[in-house]
Amino acid sequence: MADFEEFAVGLADSGVTEPMMQIPSQLPALPLRDIVIYPFMIVPLFVSRDKSIKAVEEALKENRMIVLVSQKDLNKEDPGRDDLFEVGTVAIIMRMLKLPDGRIRILIQGLSRAKVDSVEPGGDHVRATITPVSEPLAPENSLEVEALVRNVRGSMERAASLGKNISPEVLAIIANLEDAGRLADLCASNLDLKVEDAQSILDIIDPVPRLRKVNDLLNKEIEVLTVQQEINTQARADIDRSQREFFLRQQMKAIQGELGDGNELFEEIENYRDKILRAKMPEGAEEEALRQLKKLERMHPDTAETATLRNWLDIMTDLPWQIQSEDNLNLKTAEAILDEDHFGLERVKERIIEALAVRKLMEKPKGSILCLVGPPGVGKTSLGRSVARALNRKFIRLSLGGLHDEAEIRGHRRTYVGAMPGRIIQGIQQAATNNPLIMLDEIDKVGADFRGDPSSALLEVLDPEQNFAFRDNYLNVTFDLSNVMFMTTANVLDTIQPALRDRMEIISLSGYTEEEKLEIAKRHLVPKQVEENGLKTADVKFDRRALAKIISEYTQEAGLRHLEREIGKICRKVARKKAEQEKDFKAVKVMPDNVRDYLRVPRVFNEGALKKDQIGTVTGLAWTAVGGDILFIEALKTKGKGKLQLTGQLGEVMQESAQAAFSYAKARATEIGIDEQVFDNFDIHIHIPEGAIPKDGPSAGITMATAMVSVLAQRAVRKDVAMTGEITLRGNVLPIGGVKEKLLAARRAKIKTVILPEPNRRDLDDLPEEVMNDLNFVFVEHVREVFEAALLAAKPVRVVKKSA
């Protein structure tokens, strides 16, 4: 075997380009996977296919020569002629070693290129008919060849310097190798080329084009290596920087430990850093937090700004940037919760269930902001709490009553002493989720002064198109409010800024009827007050008629607060009685007869319908902030010159309505049965009782007109008729608002017939059924229809003759 090794080395170092021995035209063929062998290469190969092992054994029997041909498809197990490339390499087997797993390991050296003419796949091994290829020599003294050789040598050294795995021995051979063909093959074998690219070099017989092709592939490889080195350098720099920072921090920790101070500060900084990373803030917010943390790290612990930065970092890390509560999307469950907490309010419940249905169908809908408008005590705020419970969301109530400072919404800048975030961010921090239900209570009572206008700040908060990037002045980073569900409450809409009102969906909550109050008292108020006053359910029982008496004689409100206080007052008296009597205590039953024993004299005098038909006295209907009420308008004619006098603390709009009614009566005097001379001889005085209470609004127009015509035409007004509506100079009757509250007041006063403007017919759809059953309605378009419905015919004047 030693002689064989000397032969192989001599072949590798000979430097000849022609084959040293005679190559037969037929040789065993060894198909190669994923590799191309060039002449003069010495390469170890592992052979595992049966036919390939037989081909090696056959070659060793004959002359140790074998032709190596690369496969086009490396997955082909038994390749044919079409599966092999046309040019291969004739090689000599230098060594063979059988392995325990059945494979063999051979060491081969390429001798010469050869063209594969045909392949005989039959038999126990593959044989190929070949034509050896004699390579031409490169032209001597050629400048192009010299330049290519230098370029290739330089490129190989450059590739090695960029990290390409090329051994120094190969680089030494390349530096001394002058043959262009062998230089091309040697360089190609060390470039780790794809099979197609490596085969393309083997296919080129002429050494000059082959070297040019290798030069192009080398340049491409250098570009890839350059980019790869830049990536590695950047990654190594990042790692080095991290290691350097860690090393310096450890040194700082050791120095501070030796000095006996700074351990607490270091731990605090690390604690803040850990909190910032765990908070999962948006990228911009996290960068700002880490920047401020570095600033804190460089500060002296005793400076005033350190405390400010600590507070800011505490709030930033406490905010629920990514924490959400899971919505309850079961519509039936949500509806059951709303019905359990509130009686009536069907429109509001329906709208909330609709919003929940949309949220179920869309992952992140841009819903409207609900604004609940109604008199005090009708359950606006408690309804918001109930909605939050139905949705399985945290409930935050922000009272805006009397708010003047814009910073209460947007927060203060950190430059001020005692600066803090706005109420919105504070509420979210308190809720610990980024999707609570925030109830903005009393939004109609927001003020404005030199400190800014909070209503304008609320424009951004309540706009779904803007609040995804709400910027609090204190945080100075954006916070996403689009997940928050906002609801607002108000008693009146007039004081809300128009732009703010436009962003909200208005849902009106009218006052409750006596039947609704009675039902709510039985279901909610009585059990609540019994529990709050330390009683048991069996200790006190409220008769239904007693509750009705409390509602009618001791309360006068659209809501329920006063009623709850009266029930609470009875419960407290029962609690005292139970505490004093102890074992002798007997359950108390509150009946209509003993209500007065607990609540004393009734404090509410309910205006009732007139006792009889009267001239000049008309029943009107009014809307107030606490519900509806009736009012009497009185007219009287006195000697004078046709002037109109108004008393009862009337507002400008009401005075103008009276003037319009007076002008209409003068213009249509004959038509409506008034003697025109009356206006020359009499003044008209209109008075509305309870003069200490300011009154205003256009809806008393037809009422004052009826009172005037009644006194001028001497026609009595029906005692069981009430009316409301605005009048024009032409006598047309215009629609008014607050219909439900006014009709509830009419029913409470035992009125039988109500005159309403024709356009207000649609408002009856929202009325409770019991109100519709107890009242008769007359719809009018002109004031003449009002006179026909409300005024009785004039009585004839009796003339008494004197006898002679």
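What counts as what
- Residues numbered from 1 in each chain as written.
- Predicted model: local features only at pLDDT ≥ 70, side-chain atom pairs only at ≥ 80, totals over all residues.
- Heavy atoms only, no water.
- Buried < 20%, exposed > 50% of the residue type's maximum accessible area, 1.4 Å probe, protein only.
- Helix = DSSP H or I, 4+ residues; strand = E, 2+ residues; numbered from the N terminus.
- Pairing = 2+ DSSP bridges.
- Axes fitted to C-alpha atoms, helices over the stretch in contact; angles between N-to-C directions.
- Contact = heavy atoms within 4.5 Å.
- Patch = residues over 30% accessible without salt bridge, like charges linked within 9 Å, V, L, I, M, F, W, Y side chains within 5 Å.
- Areas by Shrake-Rupley, 256 points an atom, 1.4 Å probe, with all protein chains shown as cover.
- Salt bridge = Lys/Arg side-chain N within 4 Å of Asp/Glu carboxyl O.
- pLDDT = per-residue confidence, 0-100.
- Phe/Tyr/Trp six-rings, centres within 6.5 Å; stacked < 30°, edge-to-face > 60°.
- Lys NZ or Arg CZ within 6 Å of the ring centre and 35° of its normal.

Structural notes on helix α25 (residues 739-748)
Counting buried residues along α25, nine of its ten residues qualify, which places the element largely inside the surrounding structure. Of the residues one or two after α25, Lys750 is the one with positive phi, at around 65 degrees.

Focus: the sheet that holds strand β13 (residues 504-508)
Here we have five strands laid out as an open sheet, ordered β8-β9-β12-β7-β13, and parallel in their pairing. The open sheet terminates on both sides in strands that have one partner only, identified here as β8 (395-399) and β13. Shown here is a sheet whose adjacent strand axes are inclined to one another by a mean of 25 degrees, direction ignored. Contacting β7 (369-373) and β13, helix α12 (residues 346-361) crosses the sheet at an angle of about 150 degrees to β13.

Comments concerning a nonpolar patch on the surface
The grouping of Val358, Leu361 and Met362 at the surface amounts to a nonpolar patch, some 320 Å² of accessible area in total. Within the secondary structure, Val358 sits in helix α12. Classification of Val358 as partly exposed rests on a relative accessible area of 39%.

With respect to the pattern of salt bridges
In the structure shown here, the tally under the stated rule is 38 salt bridges. The closest approach of N and O atoms between Arg273 and Glu270, which form a salt bridge, is 2.9 Å. On the criterion of helical spacing, the pair formed by Arg273 and Glu270 is a turn pair, its members being three residues apart in helix α8 (residues 263-279). A residue is classified by how much of its surface remains accessible, and Arg273, at 17% relative accessible area, is buried. Between Asp539 and Lys578 there is a salt bridge, and its shortest N-O distance comes to 2.7 Å. Of this pair, Asp539 sits in the loop between α18 (514-532) and β14 (540-542) while Lys578 sits in helix α20 (residues 561-581), placing them 39 residues apart in sequence. A network of salt bridges, in which partner residues are shared, links Arg113, Glu135, Asp185 and Arg210.

Here we look at the confidence of the model for the protein
Residues with a pLDDT of 70 or more make up 92% of the protein, whose mean pLDDT is 83. This stretch, residues 1-20, has a pLDDT under 50; its non-local contacts, to residues over four places away or in other chains, come to 29 contacts. Note on residues 797-804: pLDDT under 50 across the span, and zero contacts to partners over four residues away in sequence or across chains.

Regarding the packing of aromatic side chains
In the structure shown here, the tally under the stated rule is three aromatic pairs. Arranged with centres 5.0 Å apart and planes meeting at 50 degrees, the rings of Trp321 and Phe479 form a pair that is tilted. With a gap of 158 residues between them, Trp321 in the loop between α10 (304-318) and α11 (331-341) and Phe479 in strand β11 (residues 478-479) connect regions that are remote in the sequence. Overall, the relative accessible area of 2% leaves Phe479 in the buried class. Pairing Phe662 with Phe679 gives two aromatic rings, centres 5.9 Å apart and planes at 65 degrees, and the pair type is edge-to-face. In this pair, Phe662 is assigned in helix α22 (residues 652-667) and Phe679 in helix α23 (residues 678-681), connecting sequence segments 17 residues apart. Taken individually, Phe662 and Phe679 each receive the classification buried, so the pair is uniform in this respect. The ring of Phe40 carries Arg182 above its face, with NZ or CZ at 4.4 Å from the centroid. The positively charged end of Lys637 is found above the aromatic ring belonging to Phe682, 4.8 Å away from the centroid.

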